[in-house]
Structures are given as C-alpha cells and as structure tokens.
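Letter by letter, the chains look like this.
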There are 2 protein chains.
Amino acid sequence: MTTTLPTDVQPTSTQDTALRADVLAACGRAREAARAVRPLTRGAKDALLLAMAAALDAAVDEVVAANATDLEVAARAQTRESLIDRLRLDAGRLAASAQGLRELAALPDPVGEVVRGQRLANGLEVRQTRVPMGVVAMVYEARPNVTVDAAGLALKSGNAVVLRGGAAAAQTNRALVRVLRTVLVERGLPADAVVLLDQGGRAAVRHLMTARGYVDVLIPRGGAELITAVVEGSTVPVIETGIGICHVYVDASADLDRAVAITVNSKTHRPGVCNAAETLLVHRDVAGPFLRRALPALDAAGVRLHVDAATGALAADAGVAITPADDADWGAEYLSLDLAVAVVDDLDAALAHIRRWGSGHTEAIVTQDQSAARAFVAGVDAAAVMVNASTRFTDGGELGLGAEIGISTQKLHARGPMGLAELTTTTWVVTGEGHVRS
Amino acid sequence: MTTTLPTDVQPTSTQDTALRADVLAACGRAREAARAVRPLTRGAKDALLLAMAAALDAAVDEVVAANATDLEVAARAQTRESLIDRLRLDAGRLAASAQGLRELAALPDPVGEVVRGQRLANGLEVRQTRVPMGVVAMVYEARPNVTVDAAGLALKSGNAVVLRGGAAAAQTNRALVRVLRTVLVERGLPADAVVLLDQGGRAAVRHLMTARGYVDVLIPRGGAELITAVVEGSTVPVIETGIGICHVYVDASADLDRAVAITVNSKTHRPGVCNAAETLLVHRDVAGPFLRRALPALDAAGVRLHVDAATGALAADAGVAITPADDADWGAEYLSLDLAVAVVDDLDAALAHIRRWGSGHTEAIVTQDQSAARAFVAGVDAAAVMVNASTRFTDGGELGLGAEIGISTQKLHARGPMGLAELTTTTWVVTGEGHVRS
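Given the structure is predicted, the values throughout are model-derived calculations rather than measurements.

Colleague: Just to check I follow, could you spell out the nonpolar core for this structure?
Modeller: Nonpolar side chains tend to gather and get buried jointly when the protein is soluble and globular. With 157 residues, the main nonpolar core has V162 of chain A together with V162, L208 and L218 of chain B as its most contacted residues. The residues contacting V162 of chain B, other than those within four sequence positions of it, are A26, C27, A30, V135, A137, V195, L197, L208 and V215 of chain B.

Written out as structure tokens, the structure is:
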C-alpha cells in the first residue's frame, strides 16, 4: 500500500508536473481503450477472460519468479509475516486467480440489462439500460491476486481498468499485467484496457485521485488509512470499501446454541477480514447462561477478550482470562482474534451502542422473537443486517452476486458487496416518432 | 447562490472554528431527527406532506411578505431580471409548491421496496431493501421553490434535510421553513427534520461539504461554478447535477419535418434549463435541404446562430444572420436562445464531436435508419439518449419518475433524472436459522 511507504521524497514542482502529465496520459490511454471494450459482446468478453486464464496458467514460472523477487525484497525489509503472506503468489494461488477469471466468464453480462422500461402515455418508449462506467481505477495494497480479480471484473463489465497496487508487489504486478496485456493485443484489443500505474509513489496516487474526466470511479481497497486518504483527497468519484466494526447482539430470547455458534463463527472463521465480528453485545437477561458458555468457547478458539465489568465478573466465574475494555475497544476494528464484549440493558441499548460505535458494515442479532428481529432490522443503519446468521455472510459470493470487487460501506451507488452490476452505470434510452414537448 | 456573493469576509480562525461547530451542531440535530423520520409509514409521511401543503396555503401572506423583502434587497442590488424572476414567490407559485407536496403524497413510498431477493441454496433468505439515506443536504441558488420541493422529496423518502439556499432568498426561505417546521412539531415530529442553514456565507458551505458522518449525501443544484466548487471541496458524498451541453444530431436518413420540429423544440422550449440543446450537428448529405428549412425556423424563433463555415454558406443563401463559431461555442452551455451549428461528415464524426464537447447529459439523434440509431445509442456515453425525440424529455416528470430532485450527470448512484428512489440507499437483510460459514 502506497501510504505505508517508509519514505516518499516530495518531488519538486517540475517533477510533479511531469508526473501528473504521465499519470493523466496513462489514464487517457485507458480511456481511449475503454471505447474498444465498451461494445464487446458477452461472447467476446468471456473468450477474452478464458484466454487470460490460460495465459496466466502458462506463465506460471515467469510470475512466480517475479513474485520471488518481491518476496526477497520484502524479507530484507523485515516485513511482517502477515503482509508477506498476502504478497505471496505461488503456483497454487496463481491457478486460483486464473480459475477466478473462468468463473467470471460463466456469469451473466451486466451490460445491456434493462433496469426499468415502459411505454409512456405519449407513446415514448423508455428504457433505463446498464452500460459500462468507462475507466475503473483501483488503489490497493501489495496483494497480487487483486490485480487479476480487478482486471477481470472491470473487463467483464465492459470497462478499462487502471491498477495501482502496493509497491511491494511491483514485480509481480508487472508480470501479471504483461500477461493480461499480451492477451488483449493477441485478440485485437488495445493493451491499455489494463494499465498498471507503478511509478511515482504517493504523488502518483494523488494525481490519480484528481484525474477528473479520466477516471469514472476509483475504488480503494485496503486499510482504514488508505481509504481515508483516498476519500479525503479525491475529486473523482470514489466508492469506499471495507471498514468493518461488526457487532453480534444476543437478544434475551436467543437460542443459546445458535448464539454461541454464530458468535464463534463471526469472530474466528476469518478474523482478518472486514465482515468478522469485533464486538459482542449481550442482553443482560441472558448474560449469565450465555456468557458462561460463550466465553470458554471463544477462549478455547484463541480469542482474546476485552470486556466490560459485568462480563468480567462472569469470565472470572468461568476461569477465562480477560482484559478490561475501554472506548478504544468499542471503536476497534481488530482484524485479529480479539473481541470486545459488553452486557447491555436491552435491545434499545444495543442499538444505541451500534449507532455510536458501528461502521455501518454488518450487524447481527440472534433472537427467537420476531418483534425483536423486526426492531433490530429497522433500527440498524448498515449495509447488511443478519438475523440468526453469522456476520461472515456479507460477501458477494455468499449472497449470490457471483463475484465481488469489494464491500462498500458508503450509501451512494453501492452498499454492501459489490459485484459486476456495481461496475456499471445506466443510460436512459428514449425512442419516439418525432416527439416534442408542448 | 453563495458562490456569487460579491464579498465574503474571510473569518478569523476562531470565528471559523465556532462556525464549523455551529454547522456540525445543526447537521447533528438533523441526524438525530432523521431517526424519527426513518421509521415513518407511508401513511404518516403522506399525512405530513398534506398538512405542510395546507399550512403553506394558509401562510401565503406571511411568505409573500417575506419574499417582498428579499425582492426589494435584490432590486436595490441591481440584480439581473432573470435572477429576480427565480427569486419571486407570489401566491400562484406558492400554491404550485403546495400542490407539488400533494403530488408527492400521491406517489408510492420508495422505502421498503425489495430491490432483489432470493432464498439461497443453504436456506438463507436474502432481501436487498430500500432504506432512507439519513440526512440529505441541498446547496442551491436563490430559488425558494427548491426549498419546498427538496424538503418534500427528502421527507417522503424518509430522510431529514439540511437546506442551504442562496443568500438572496434568506427571508423567504426562513418563512417557508418556519411553516414546515411548525407542521412537524404539530405532528409530534422533531422540527430539525428540516434544517435551514442561513448563516456564515461561503465558509458555512465549506463546513457543510466536509461534515463527514453528519451528511449522507450532498446535492448541489445551480450553475457550473457552484457545482464545481462543491465537487472539488467536498469530502461528503456528492451527486453532481445539471450541466447540460446537449446535442441534436440530424442523420442523413432523418425525416426532415421531425428533424426541424425536434431541433426547434430542443432549443427553444425552455432555453434556460440543462436539457435544452446547445449544439446542432448535421450530416453533410442532408445539410442543404435540412438547414435551408431549419435555419429560418430557428431564426424566426429568435435563436442566435453560431455556425461553422459550411453552415454559414447555407445561412447566407437563406438570408439568415449568423456568427462564426469557435471552440468556445462547441463547449458552451449557453442556457439562452443561442445555438451552435456544425455540419459533420458522418455519424462517427458526430460521435467524435459529442465525445469531445458533450457533458454526458442528453444526446439526440433524428434518423429513420435503424442501424444509425443503434450505433448512436451504443456510441454515446450520456445520461440519456433520445432517438427521434426532443432533448427536453430528460426530466423526472416526463420519464415517469413522478418527481425530480435534479438531473445527475455523474455515473455513480444516479444518472439522469433523480426521483424518490435516488434519495434512498439499501440494506441487505439476511435471515437464517443459526447459519454459520464453514
């Protein structure tokens, strides 16, 4: 991720002007290429994706070698193991990326879908139809699989793509993009339908964020710092993704078996992702029986517990180690095997807590009471609300979108998992017989 | 419109800090009030709108008197007549605003609409449901009718609204908002569901544009300068509205009667609005017969013609006065009885011209050739494409949306006329029976 580069020399004004020209020229080439991608039929796009998948499979040695270079540099820089793991692209992971392109090819084409349509009283025929955005830009961390995913999603939805991956993955991304661009050219399409921006440090990202007229939508994927920097600095349209402070609320009427299973799954199934639970709220009427079962289960799963006083007393009874929680815990996106736990007076108190501390991503209630479920759904303002289900279901694949380019936590355009349709816009096509307004 | 204030004293840093606190406090009150509006049933919302309409009717003397004060100030400031006309709110116009609220009440409620829904293979029930945005903010010029429209649209879609109208309409807006807030309180709702921000000049707008966490969407309505300032300065989500450099392209195969009627209607029906045509493009094969009819018809309608050399020669034949056009004309949003005219070699040349100079609002083709219509629709990247119809049909009322808060020229969230649905977002509601991910 560019915002974590340890040093980033401030370019002189002349250098910066030249860099801006380079970035805009690259985006301009993508814009020009977008015109060639826009009219492609589903058949042509699917054939392109399948050819890219085959080319990635064939280029495994080249890509893995490039990745080895990136891994060496990262190791010398004493990069954290979790980041090195994200950076690693071995033969198996590359094959999975190629397979992802084949799965994209199997999905319906969002372009051309008629969203609304009718014949008006005056005989005008009106259709609101999905069309490509144009140029989709992605800014993301050193995760090479995102390079292939983003290119595939953008092309399938009829767009060109400008990719800005983390500097630590530079060699891997160059190798991947070289393969994808070669396939484009072989199929008579402009290479610049996939553009890699890999120069210029943070300054280049700044120019990309302000490339109005060149970039139709910019999607940052990464940590809170990256997303905040992009949202605050951008003048091009942005879709915010992925900050998740998700809560599981266990209601007085909850089925306790379900509540334990949902809590453990929401926290531990994949703790490093945005739809993992970060806080557990428990109705006081059920706090004793529930927490006496849930705390040992979480503890056994390796979860570190940050708890309020009421929970702390129950944890002591159960012989489970805890840390007292403070406001930093209620506002934490741990992305780790940590969980904040609080006992609340009732459902309204849970809603108030979520309103104060939640990030609008995913909130879950476990309850057998239909009125409580209804009140929770009505009272929570989030991208997704789970009733008796794990927070982990907020996922494009799980919800039947077939693919996912990120999870939006904003309210405009896309909220929750974004699939292919979210990479399109619409045009109203109005057909008349010489109609004029009177 | 605040950006046209002749002088705007830069506040000291302390004053600015206090102003920011005031603006955020006002937005915070709207945010709190939004929680009371959000769960209202359609019945409650419609009754509220009808009561507001009645209260506006009853307050006609008070509102017209307040407007008279604004008109006097504007007259003393030697404001242009067109701006004074926008500012004027007489009894007839106020009655029309009240009637607009009654028409809103008759429209379906967008909140609760299930956009997508299915039962997944694992039994999870998934519904993507429309919910209110929360707080909608509008920044607009000195047009008091927008105050009532925006409040009505926001409330009908379950939102609170923060209104920032042009300073020239301050007294009128205060009178209108006093009436609307009184009705809210009479019906047991928080007055702050409708907040008027009428202090602080441009600095207040800047604080509104950066009120992240308080404002869910900001919609600027006004001229290019206002919209650019809002888009570039905002960190809250923005929907751009309304810059329209719309083209009518008359194809070689056009029915010339229709082409003349559509051209004249697109230009002259209401020249001051964003869906009026600004440029006429004519295929060279039909330039002679078409322009010999169209130029006199436009001239007779009072249209000033800014034309290329080929058109100039035909205008001379027809005895019609012209001005030679340059790049400033191709890029002009005249918003007046001016029209740029060019002869083009073919449909591709028309598309290239539109790509270079268009604003992505509305583009029209007049043709009898199905292939040409198809190529134009595919080749134009705009909010609306008209085939054998006037550009003036890009309008929420005309396209059957029932109401319109503006016309979006951006690609995210809303493109083209925005109605009630565009003031909502969605929540994925997922219901299970203890489902966890494996």
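Colleague: Whenever I open this one, the confidence of the model for chain A confuses me. Can you help?
Modeller: Should pLDDT be low for a region, the predicted coordinates there are not to be read in detail. Per-residue confidence for chain A averages 94 on the pLDDT scale, and 97% of its residues sit at or above 70. The low-confidence segment residues 1–9 of chain A, where pLDDT is below 50, has 20 contacts with residues more than four positions distant or belonging to other chains.

Colleague: So what exactly am I meant to see when it comes to helix α2 (residues 42–58) of chain B here?
Modeller: Note that an α-helix has 3.6 residues per turn; residues three or four places apart therefore point the same way. Under the 1.5 Å per step criterion, the end-to-end length of α2 of chain B is 24 Å for 17 residues, consistent within 8% with the ideal 24 Å. Where α2 of chain B is buried, its residues meet α5 (91–105), α6 (144–156) and α7 (170–186) of chain B.

Colleague: Looking at this structure, how should I read helix α5 (residues 91–105) of chain A?
Modeller: Residue and element names in this part refer to chain A. The end-to-end C-alpha distance of α5, which contains 15 residues, comes to 21 Å, matching closely the 21 Å that a straight helix rising 1.5 Å per residue would cover. By the burial criterion, the buried members of α5 are L94, S97, A98, L101 and L104. The buried residues of α5 occupy one face: seen down the axis, they fall within an arc of 110°. The secondary structure elements touched by the buried residues of α5 are α2 (42–58), α3 (60–76) and α6 (144–156).

Colleague: Explain the sheet that holds strand β7 (residues 246–250) of chain A to me, please; I cannot follow it from the model alone.
Modeller: Strands pair in a sheet through their backbones, by hydrogen bonds, and they do so in one of two ways: parallel or antiparallel. Taken in spatial order, the 10 strands make up an open sheet running β10(A)-β9(A)-β11(A)-β8(A)-β7(A)-β12(A)-β13(A)-β16(B)-β2(B)-β1(B), and their pairing is mixed. The outermost strands of the open sheet, each flanked by one partner alone, are β10 (323–324) of chain A together with β1 (114–119) of chain B. Direction of pairing for strand β13 (residues 384–389) of chain A relative to strand β16 (residues 424–435) of chain B: parallel, over a ladder of five bridges. Following the sheet pairing, V385 of chain A is matched in β16 of chain B by V429 of chain B. Relative to the sheet, helix α10 (residues 256–268) of chain A contacts β7, β8 (277–283), β11 (338–344), β12 (362–366) and β13 of chain A together with β16 of chain B, its axis offset from that of β12 of chain A by approximately 160°. Contacts from helix α15 (residues 370–379) of chain A reach β7, β12 and β13 of chain A together with β16 of chain B, with the element oriented near 160° to β13 of chain A.

Colleague: So what exactly am I meant to see when it comes to the sheet that holds strand β16 (residues 424–435) of chain A here?
Modeller: One open sheet holds the 10 strands; their spatial order is β1(A)-β2(A)-β16(A)-β13(B)-β12(B)-β7(B)-β8(B)-β11(B)-β9(B)-β10(B), and the pairing between them is mixed. Only two strands of the sheet have a single partner each, and these edge strands are β1 (114–119) of chain A together with β10 (323–324) of chain B. Against the sheet, helix α14 (residues 347–357) of chain B engages β7 (246–250), β8 (277–283), β11 (338–344) and β12 (362–366) of chain B, with an angle of about 140° to β11 of chain B.

Colleague: How do you make sense of unusual backbone geometry when you look at a structure like this?
Modeller: Residues and elements named next belong to chain A. Phi angles above zero are rare outside glycine, and L335 is one such case at about 55°. With respect to the helices and strands, L335 occurs in the loop between α13 (327–330) and β11. Judged by the 17 C-beta atoms lying within 10 Å of it, L335 falls in the partly exposed class. The backbone of H413 sits at a positive phi, close to 70°, despite the residue not being glycine. In this structure, H413 sits in the loop between β14 (406–408) and β15 (416–418).

Colleague: Honestly, the interface of chain B and chain A in this entry has me stumped. Any pointers?
Modeller: Often, the extent of an interface is quoted as the loss of accessible area on bringing the components together. Taken together, the 55 residues of chain B in the interface contact 55 residues of chain A. Among the secondary structure elements, those contributing two or more residues to the side of chain B that touches chain A are α9 (224–233), α10 (256–268), α15 (370–379), β13 (384–389) and β16 of chain B. Broken down by element, the residue count for the side of chain B that touches chain A peaks at 11 residues, all from β16 of chain B. Looking at the side of chain B that touches chain A residue by residue, the class counts come to 26 nonpolar, 19 polar and 10 charged.

Each value, and the rule that gives it
- Residues numbered from 1 in each chain as written.
- Chains lettered and ligands numbered in written order.
- Predicted model: local features only at pLDDT ≥ 70, side-chain atom pairs only at ≥ 80, totals over all residues.
- Core = buried A, V, L, I, M, F, W, Y, C linked by C-beta atoms within 7 Å.
- Buried ≥ 20, exposed ≤ 12 C-beta atoms within 10 Å, placed from the backbone.
- Contact = placed C-beta atoms within 7 Å.
- pLDDT = per-residue confidence, 0-100.
- Helix = DSSP H or I, 4+ residues; strand = E, 2+ residues; numbered from the N terminus.
- Expected span 1.5 Å × (residues − 1).
- Arc of directions from axis to C-beta.
- Pairing = 2+ DSSP bridges.
- Axes fitted to C-alpha atoms, helices over the stretch in contact; angles between N-to-C directions.
- Nonpolar A, V, L, I, M, F, W, Y, C, P; charged D, E, K, R; others polar.

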